[in-house]
Amino acid sequence: MVKLAGGIQDVIEPKKEKHVQFSFPALELLNNYRSGFKRLNGEGRIIEPRNDTANTEGATKKFSTEEIFRFAGEIFIQSSSQIVDGLSMVSHPFNLSFSGLSNEEIKDVELAGFLLASAEKVGCQEYDRAKRFLNQCDSLSSDTGTPVQRIVYYFSEALKEKIDRETGRFKSKGLERVQKVDIDEAIMSPNPATLACHQTMPFAQITQFAGIQAIIDNMAEASRVHIIDLGIMSGIQWAILMQALASRQEGPIELLKITAIGTTSKHLIEDTGRRLRSFAESMNLPFSFKIVMVSDILDLKENLFETDATEMVAVFSQFLLRSMIVVPDRLEALMRIIRKISPYIMVVIEVEANLNSPFFVSRFIEALFFYSAYFDCLEACMKRDNVNRVVTESRYFGEGIRNILAAEGNERKIRNVNIDVWRAFFARFGMLEADLSMSSHYQAKLLTEKFNCGSSCTLDMNGKCLIVGWKGTPLLSVSAWKFY
């Protein structure tokens, strides 16, 4: 149960751990994750994760990346008291059959087992033993191979950096070759990798269309629409809104005003504004774009938004709030300003994952299954040698994995939490969750059918919130909020 009393730390930030990690000999957390995490199939029916991953229908079925890791976890749980350094997990006579797995998948299961073993040793601070397993990971993984090989490559790099940090070896070869980038800034300006992902992977378009539809539904009769975007990035989502407003049956609006909040990268926000202004002109849509730049969110004031009584205001937040969990005073200050503005509706798109645990082992398991779904999706959407896939995996996913696993304290900026935590936090600011309309659901379902891999994209409702996932693994959430 989420505690509501006190500051934001009690709601979003878990209690700080002691330096020593808890014991990990039987990979207890993986066992709990396996037995307690339910799955949804394409028709919305709840199905339990399979304990027997073996294929009973013949060798034609290709197992997903997550299934490979789950199978490796099953073996690891059973063998945790027997496995010895350097010994192949596959050679152990366990009560799990490999029938139905291809030779490539059997190798992937073994590789996944080495990664789990190395994480266990890191969690127990047995770094020398962890390195032996990581050496096996290095020899068998690849950033251009199967999804499992690619995941193990980036996870093992992150584990090696964590060991270097913990042991004080700050100038190791591994650390020097890690390219640290600002992920949020990197995705602000359109580039081939982000555009390719937007076009070939369904998640971004589904969440954006569903979120924009929620704004349209709540502003059907507005003549002046004011959007406050907390993290505008490339702004591609507002082209959707412009098209809808220009063709709505109620007639054209008098003005669409977009206000973008920024603390850095003003030139990128200005580029976004120019693109949106040009698109609005092509549709003869009255349009205004304003940037509110502050050096610190604590400097944000209500009057900077220049709202007036003739406008209907909506706030749009896409992946912005998660980035502020590490600075709770700024997050609370932002929410207080939004509360004062009292928008007609606030739409929030966030990552649906619990990657904020202070415990390394918890973060490792959650991140492993979360990124397994993304790597599995990329396998379905892009060829293995696709340069955009390689860039996406290395620059965005690889950097995210590194930050989640290797960094601690304020350096650990990726601290995603799930919708239940956000609900408890929003309640403190007088926010009530609003229903997403049937139109929002329809837009989401329609988009899944337009992607070649759409059949693997799952849509589920958590209360009034839309959860978008891959083969049942939750990835993103879309929710709408009103103030009382």
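Just above sits the structure.
This section reports on the structure supplied with the text. (Residues numbered from 1 in each chain as written. Predicted model: local features only at pLDDT ≥ 70, side-chain atom pairs only at ≥ 80, totals over all residues. Heavy atoms only, no water.)

1. Some thoughts on the overall build of the chain
Of regular secondary structure, the chain possesses 17 helices and 11 strands. Expressed as a percentage of the 484 residues in the chain, the buried residues total 56%. Counting only contacts in the chain whose residues sit at least 6 apart along the sequence, the fraction spanning at least 24 positions is 76%. Accessible area for the chain stands at about 20,800 Å²; split by element, carbon and sulfur atoms hold 51% of it. (Helix = DSSP H or I, 4+ residues; strand = E, 2+ residues; numbered from the N terminus. Buried < 20%, exposed > 50% of the residue type's maximum accessible area, 1.4 Å probe, protein only. Contact = heavy atoms within 4.5 Å. Areas by Shrake-Rupley, 256 points an atom, 1.4 Å probe, with all protein chains shown as cover.)

2. A closer look at unusual backbone geometry
At M233, a position not held by glycine, the phi torsion is positive, near 50°. Relative to the elements of secondary structure, M233 occurs in the loop between β3 (224-229) and α11 (237-246). Here the phi dihedral of S342 falls at roughly 55°; this positive angle occurs in a residue that is not glycine. In this fold, S342 is placed in the loop between α13 (328-341) and β7 (345-351). Of the residues examined, S342 reaches a relative accessible area of 38% and is grouped as partly exposed.

3. Side note on the packing of helix α10 (residues 203-218) against α11
Following both chains from N to C, one finds α10 and α11 inclined at 40°, their axes separated by 10 Å at the closest point. By the criterion of interaxial angle, the relationship of α10 to α11 is oblique. Here α10 and α11 pass one another in a crossing that is right-handed. Touching Q208, F209, I212, I215 and I216 of α10 are Q237, W238, I240, L241 and A244, all from α11. Taken together, the residues of the contact of α10 with α11 break down into 8 nonpolar, 2 polar and no charged. (Axes fitted to C-alpha atoms, helices over the stretch in contact; angles between N-to-C directions. Parallel < 35°, antiparallel > 145°, perpendicular 65-115°, else oblique. Left-handed = near helix turned anticlockwise from the far one by under 90°. Nonpolar A, V, L, I, M, F, W, Y, C, P; charged D, E, K, R; others polar.)

4. Details of the nonpolar core
Core analysis: the biggest nonpolar cluster contains 106 residues, and F155, F203, I227, W238, L256 and F364 have the highest contact counts within it. Aside from chain neighbours lying at most four places away, what touches L256 is V225, I227, L241, M242, L245, L285, P286, F287 and S288. Of all hydrophobic cores here, the second largest spans 34 residues; its members include V313, L334, I419 and F426. (Core = buried A, V, L, I, M, F, W, Y, C linked by side-chain atoms within 4.5 Å.)

5. Remarks on the packing of aromatic side chains
In the structure shown here, the tally under the stated rule is 19 aromatic pairs. Judged by centre distance (5.0 Å) and plane angle (90°), the rings of Y153 and Y154 are edge-to-face. Look at Y153 and you get partly exposed, because its relative accessible area is 26%. Taken together, a centroid distance of 5.4 Å and an interplanar angle of 80° make the contact between F203 and Y374 edge-to-face. A residue pair is termed long-range when its members are at least 10 positions apart, and F203 in helix α10 and Y374 in helix α14 (residues 360-381) qualify at 171 residues. Under the relative-accessibility criterion, Y374 is labelled buried at 10%. Ring-pair connections join several aromatic residues into one group, and the members of that group are Y153, Y154, F203, F370, Y371, Y374, F375, F397 and W470. (Phe/Tyr/Trp six-rings, centres within 6.5 Å; stacked < 30°, edge-to-face > 60°.)

6. What to know about helix α4 (residues 103-123)
Taking 1.5 Å of rise per residue, 21 residues should cover 30 Å, and α4 covers 31 Å from first to last C-alpha, within 8% of that figure. Burial analysis of α4 places 17 of its 21 residues in the buried class, the great majority of the element. Backbone geometry just after α4 places Q125 at a positive phi near 60°. (Expected span 1.5 Å × (residues − 1).)

7. Quick look at the environment of S141
Relative to the assigned elements, S141 resides in the loop between α5 (127-140) and α6 (147-167). A C-alpha to C-alpha distance of 5.2 Å links S141 and Y153, two positions 12 residues apart in sequence. Setting aside residues no more than four positions away along its own chain, S141 makes contact with L111, Q149, V152 and Y153. A polar atom in the side chain of S141 sits 2.6 Å from the backbone oxygen of C137. (Polar contact = N/O pair within 3.5 Å; in protein donor to acceptor, adjacent residues only side chain to side chain.)

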